[in-house]
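# Report on the structure
Here's the letter readout for the chains.
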Amino acid sequence: MGKHYLTRLFEPRSVAVFGASDRQGAVGTRVFANLLEAGFKGEVYAINPKHAEVQGRRAYPDIQTVDKPVDLAVITTPASTVPGIVDACGEHGIRAAVILSAGFRESGPQGVKLEKALAQNARRHGLRFLGPNCLGIMRPRGGLNCTFNTGTASPGNIALVSQSGALCTAILDWAAADGVGFSTVISTGISADLDFGEILDFLVHDPQTHSILLYVEGVHNARSFMSGLRAAARVKPVIALKVGRHLSGSKAAMSHTGALVGADDVFEAALRRAGAVRGMRVGDLFSAAATLTSRFRVKGERLAIITNGGGPGVMATDRAADLDLPLAKLSEKSLAVLNEALPSTWSHGNPVDIVGDATPERYARAAEICLHDEGVDGLLVILTPQAMTDPQAVAEAVATISKEHHRPLLGCWMGQVQVREGRRILRRAGVPTYRTPEAAVEAFSYLVEHYRNQKLLLETPGPLSRGPAPDVEGAALIIESALSEGRKVLTESESKAVLHAFHIPTGPATVVRSPNEALVQAESMGFPVALKINSPDITHKSDTGGVRLNISNAQAVRSTYNELIAAVRENRPEARIDGVTIEPMLQRPNGRELLIGLLSDPLFGPVVTFGAGGTTVEVMADRALSLPPLNRRLVRDLVNQTHVSRLLGAYRHMPAADMKSLERVLLRVSEIACELPLVKELDINPLIVDERGAVAVDARVVVDYRSTTTERYSHMAIHPYPAHLVDRLQLPDGTDLVIRPIRPEDAEIEQAFIRKLSERAKYFRFMQSIAELSPPMLARFTQIDYDLEMALIAVVESGGRETEIGVARYVTNPDGKSCEFAIVVADDRQRQGIAHRLMDRLMATARSRGLEVMEGEVLSNNQKMLRLAGELGFSVTAVGDDPTIKHVSRRL
């Protein structure tokens, strides 16, 4: 694959500045000066029809008079001129622009028209642009500063992507004071074209960038955002700060779930599934970046603390408790060794208080013991500058120890003047250092959150769980029938029928329309029974007096029926009433009342919720969210985020709840999210779970039409594992072969496959000599975005283990209509038809995704591949003047 399609934007060889000026205070003046002062090595052209010279450089009246190629246009002129300038740039062959000008959608209807014209002109020429109304971009190592910020950033390995230009300037100022450098600074503006998704895709492949900071005010395209975020987080730490955390959810939501979940809750769940880390304050961005870009990675979450003062140790402990970080429990062996090494007055536990007169040797010995303890996942060393303390010598000792251990070691040298040099020593040794115990513990929490979320990122569930297949068609018919009648809220009976179609246990219930019918059904079911109003207009039945429980005799049934109808008519006179639902009271004395829900977020699509149920659900607000599809690992993570999860185990006289039954229900709700896109909200409240299983006592489903699309799962932010593409076949020699989409857990067999390829096969595949895939390449090849790419592997099984013998993959190009492919088959498995089978299925998959063209590059001496391409209907053409490479392509 060639250079990234955004290379011209971020690594231009020449730049034209429209609106470059000498006028004091003008944006164009500052931008042009920044480019010159930053030391940009390429050509810089000033475009200004009113002047022949700008800042000592020749000025051009328009882009047409620049008789040389230009890679990047930077536009600072009034909004009314921008569409025309973009059109002229396109005619000149410019394919990238940064538009700093304001006055588009944010200014009203006229601005919306201008933005539409701008976007149309850019699309017509294939020109990609950042902005408008943005601060611009910086690439400090290349001397590129296309911003109107005062000054430029120092070179570094952190990329900053911000929707707020003002925040960019503040962060750059703070960073300069703290010596923090950047690989890239990007202000996205209103993102009329390029947004987070494509920018992240560039940063994934950028060798200058080691970690990524995001400042997010809103997401425009959830699927693109998640795709870019997941791709980036696979290989580089991503820290996101999102504002608007306390915006409430939609007040018009028609279920408990809708009322409980706000946009920020969903964003939090999306970050977790993407493997990213969330910061809550601007200061968190640098703290998290410093920690995550260190060489340390955790394999657990248990923190040990060493301190020469009791107070700082308590401060660190309190913050760890706030963040749900467990303190490490030191082993008996470690405690015994510490008893020998430390004064008798030490704390005899964690935090390890080594007393105020601690020497560098005492610090070093305590740190060695803690880092060798298998129960310790990370160590925080705190120093306060007491009379007997040597902050520099202790720092030297800690720095030496940090180089000998792989477990995270963080420092907190409290104070200012006396500890300044100690902090420098630690930083030079690569030890993340913080000024307060709380900040240090928070930094360790980022390592832990990254560790936890990276495990979630690796999960790639299919749309359906194991077990009996759901009756998707039957459930869809129920929904379509309700919509055809103009109803968006299913009745309780219909809602339970949908659950039943997905094998979710429900209690028996019957609709009755008179007191006598209620009596007959009660006698048939057996007492006690419950009566609930049956109305398409009432969601929360108990709020209208529409629920009666524990009715224990025949006389009470009839009188209660009448009372219930009267109460609802009084409280909701406008509601349509279609009788009453009667059902037996569940005799589940050990039952826990839970809520399981489903909500369709406007941006991220379906979201599964879990928490405490019952009538006080909104008041308790104990719930957690996860983006489907789910598997058992993700379900357990979802449940464990809630307080009510602690009640699911055995306690007092109650046996433990049947967790497998609860997990099955959550997996089935995930299936509903995947397979029934017309479901907008779903409530199971309560779901009663005890030692005998789980049963849905009450349910409500809200449905609505959605925009029509032929693409399966297009309503979801995370594409499920495409299990329908798994294919089993047999080779002519009788070998059983499975062709299936790759999974993250295939990393081992993928690496083994590449290692076993001959040097010639490796060179033909990668167009360079490699021994094996690097960790980033391996992650990129096995942790794919099934929405934008596909990798089909051919595997054979022997002795219960799979062996990969071939792989074919494609990646969608930026135009969304074509894709680039690659294929390689094991040397000893060639001439068996495997390549044809892989390519046939790969092309069929691309075709089903709406792609129109498949293309690739092949070395001219790779005759086998060129022959295969010809047999598959690909045309073969030369690549410019390069005789070593051929371009192959065919329409799908």
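Refer to the structure printed above.
Quick look at the structure, then. (Residues numbered from 1 in each chain as written. Predicted model: local features only at pLDDT ≥ 70, side-chain atom pairs only at ≥ 80, totals over all residues. Heavy atoms only, no water.)

### A look at the overall build of the chain
The condition is simple: For the purposes of this entry, the term helix denotes a DSSP run of H or I that reaches at least four residues, the term strand denotes a run of E that reaches at least two, and both are numbered from the N terminus. Atoms counted for the radius of gyration: C-alpha only. Globule rule: 2.2 Å times residue count to the power 0.38. Under the scheme applied here, a residue whose accessible area is under 20% of the maximum for its type counts as buried, over 50% as exposed, and between as partly exposed, the area being computed with a 1.4 Å probe on protein chains only. Contact definition: two residues touch when any of their heavy atoms are within 4.5 Å. Areas reported as accessible are Shrake-Rupley estimates using a 1.4 Å probe. Residue values count occlusion only from the protein chains shown. We count Lys and Arg on the positive side and Asp and Glu on the negative side, and we leave His and both chain ends out. Note that the charge is assigned to NZ on lysines, CZ on arginines, CG on aspartates and CD on glutamates.
Broken down by element type, the chain carries 28 helices and 37 strands. Radius of gyration (C-alpha) of the chain: 32 Å, near the 29 Å computed for a compact globule of 892 residues. Counting only C-alpha atoms and orienting by the principal axes, one finds that the chain spans roughly 100 × 80 × 70 Å. Burial status across the chain gives 57% buried among its 892 residues. Long-range contacts, defined here as pairs at least 24 residues apart, represent 71% of the contacts in the chain between residues at least 6 apart. With an accessible surface of roughly 37,700 Å², the chain has 51% of that area assigned to carbon and sulfur atoms. Placing the 100 positive and 102 negative side-chain charges of the chain at their respective mean positions leaves the two points 2 Å apart.

### A closer look at the packing of aromatic side chains
Operational definition: Under the pairing criterion, centres of Phe, Tyr and Trp rings, with the six-membered ring standing for Trp, must be within 6.5 Å; the plane angle then separates stacked pairs below 30 degrees from edge-to-face pairs above 60, leaving the rest tilted.
Summed over the entire model, instances satisfying the criterion amount to eight aromatic pairs. On the numbers, 4.5 Å between centres and 25° between planes, the contact of Phe 10 with Phe 202 is stacked. Residue Phe 10 is found in helix H1 (residues 7-10), and its partner Phe 202 is found in helix H6 (residues 196-204); the two are separated by 192 residues along the sequence. Residue Phe 10 is classed as buried on the basis of its relative accessible area, which comes to 1%. Under the relative-accessibility criterion, Phe 202 is labelled buried at 4%.

### Some remarks on a positive patch on the surface
In plain terms, the rule: Candidate patch residues must exceed 30% relative accessible area and have no salt bridge, after which like charges are joined if within 9 Å and Val, Leu, Ile, Met, Phe, Trp or Tyr side chains if within 5 Å. By salt bridge we mean one thing: a side-chain nitrogen of Lys or Arg within 4 Å of a carboxyl oxygen of Asp or Glu.
A cluster of basic residues, Arg 760, Arg 831, Lys 864 and Arg 867, forms a positive patch on the protein surface. Assignment of secondary structure puts Arg 831 in the loop between strand E34 (818-825) and helix H27 (834-848).

### A closer look at the side chain of Arg 230
Test applied: Two N or O atoms count as a polar contact when they lie within 3.5 Å, although within protein this holds only if one can serve as hydrogen donor and the other as acceptor, and sequence-adjacent residues are included solely when both atoms are side-chain atoms.
In this fold, Arg 230 is placed in helix H7 (residues 222-235). Of the side chains with opposite charge, Asp 785 lies nearest to the buried Arg 230, which makes no salt bridge, at 6.3 Å. Within polar-contact distance, the side chain of Arg 230 engages the backbone oxygen of Arg 273 at 3.0 Å.

### What to know about helix H25 (residues 759-766)
Note on helix geometry: an α-helix contains 3.6 residues per turn, so any two residues three or four positions apart are oriented the same way. By the burial criterion, the buried members of H25 are Ala 761, Lys 762, Phe 764, Arg 765 and Phe 766. Where H25 is buried, its residues touch helix H24 (747-756), helix H26 (775-782), strand E33 (801-812), E34 and strand E35 (853-859).

### Let's talk about the environment of Phe 527
For Phe 527, the location among the structural elements is in the loop between helix H19 (515-525) and strand E21 (529-533). By relative accessible area, which is 30% here, Phe 527 ends up partly exposed. For the pair Phe 527 and Ala 26, spaced 501 residues apart in sequence, the C-alpha to C-alpha distance is 82 Å. Discounting chain neighbours no more than four positions away, the residues touching Phe 527 are Ala 522, Ile 551, Ser 552, Asn 553, Ala 554 and Val 557.

### Some details on unusual backbone geometry
When glycine is set aside, most residues are seen to have a negative phi, and most peptide bonds are trans. That bond from Pro 628 to Pro 629 is cis: its omega, 5°, falls within 30 degrees of zero. As for its placement among the helices and strands, Pro 629 is situated in the loop between strand E26 (623-626) and helix H22 (632-640). Its identity as a non-glycine residue notwithstanding, Val 355 has a phi of 80°, on the positive side. Considering the arrangement of structural elements, one finds Val 355 in the loop between strand E16 (352-353) and helix H13 (360-372). For Val 355, a relative accessible area of 23% puts it in the partly exposed group. Of note, Arg 652 is a non-glycine position whose phi angle comes to about 50°, a positive value. Looking at where Arg 652 falls in the secondary structure, it is placed in the loop between H22 and helix H23 (659-675). Of the residues examined, Arg 652 reaches a relative accessible area of 83% and is grouped as exposed.

### Observations concerning the sheet that holds strand E19 (residues 433-434)
Under the convention used in this document: Note on pairing: two strands pair once DSSP finds at least 2 bridges between them.
Taken in spatial order, the five strands make up an open sheet running E16-E15-E17-E18-E19, and their pairing is parallel. Unpaired on one side and paired on the other, E16 and E19 mark the two borders of the sheet. In terms of strand pairing, strand E17 (residues 378-383) meets strand E18 (residues 409-413) through five bridges, oriented parallel. Bridging from a neighbouring strand, Ile 382 pairs with Cys 412 of E18.

### Some remarks on the packing of helix H3 (residues 82-92) against helix H4 (residues 109-125)
Here is the rule: Angles shown run from 0 to 180 degrees and are taken between the N-to-C directions of axes, each axis being a line fitted to C-alpha atoms and, for helices, limited to the stretch in contact. Any angle between 65 and 115 degrees counts as roughly perpendicular, while under 35 counts as roughly parallel, over 145 as roughly antiparallel, and the rest as oblique. Side-chain classes are defined by residue name, with Ala, Val, Leu, Ile, Met, Phe, Trp, Tyr, Cys and Pro counting as nonpolar, Asp, Glu, Lys and Arg as charged, and the others, Gly among them, as polar.
Two elements in contact, H3 and H4, have axes whose closest approach is 8 Å; the angle formed by their N-to-C orientations is 5°. In terms of their interaxial angle, H3 and H4 are classed as roughly parallel. Between H3 and H4, the residues in contact are Val 82, Pro 83, Gly 84, Val 86, Asp 87, Gly 90 and Glu 91 and Leu 114, Ala 117, Leu 118, Asn 121, Ala 122, Arg 124 and His 125, respectively. Tallied by class, the residues present in the contact of H3 with H4 amount to seven nonpolar, four polar and three charged.

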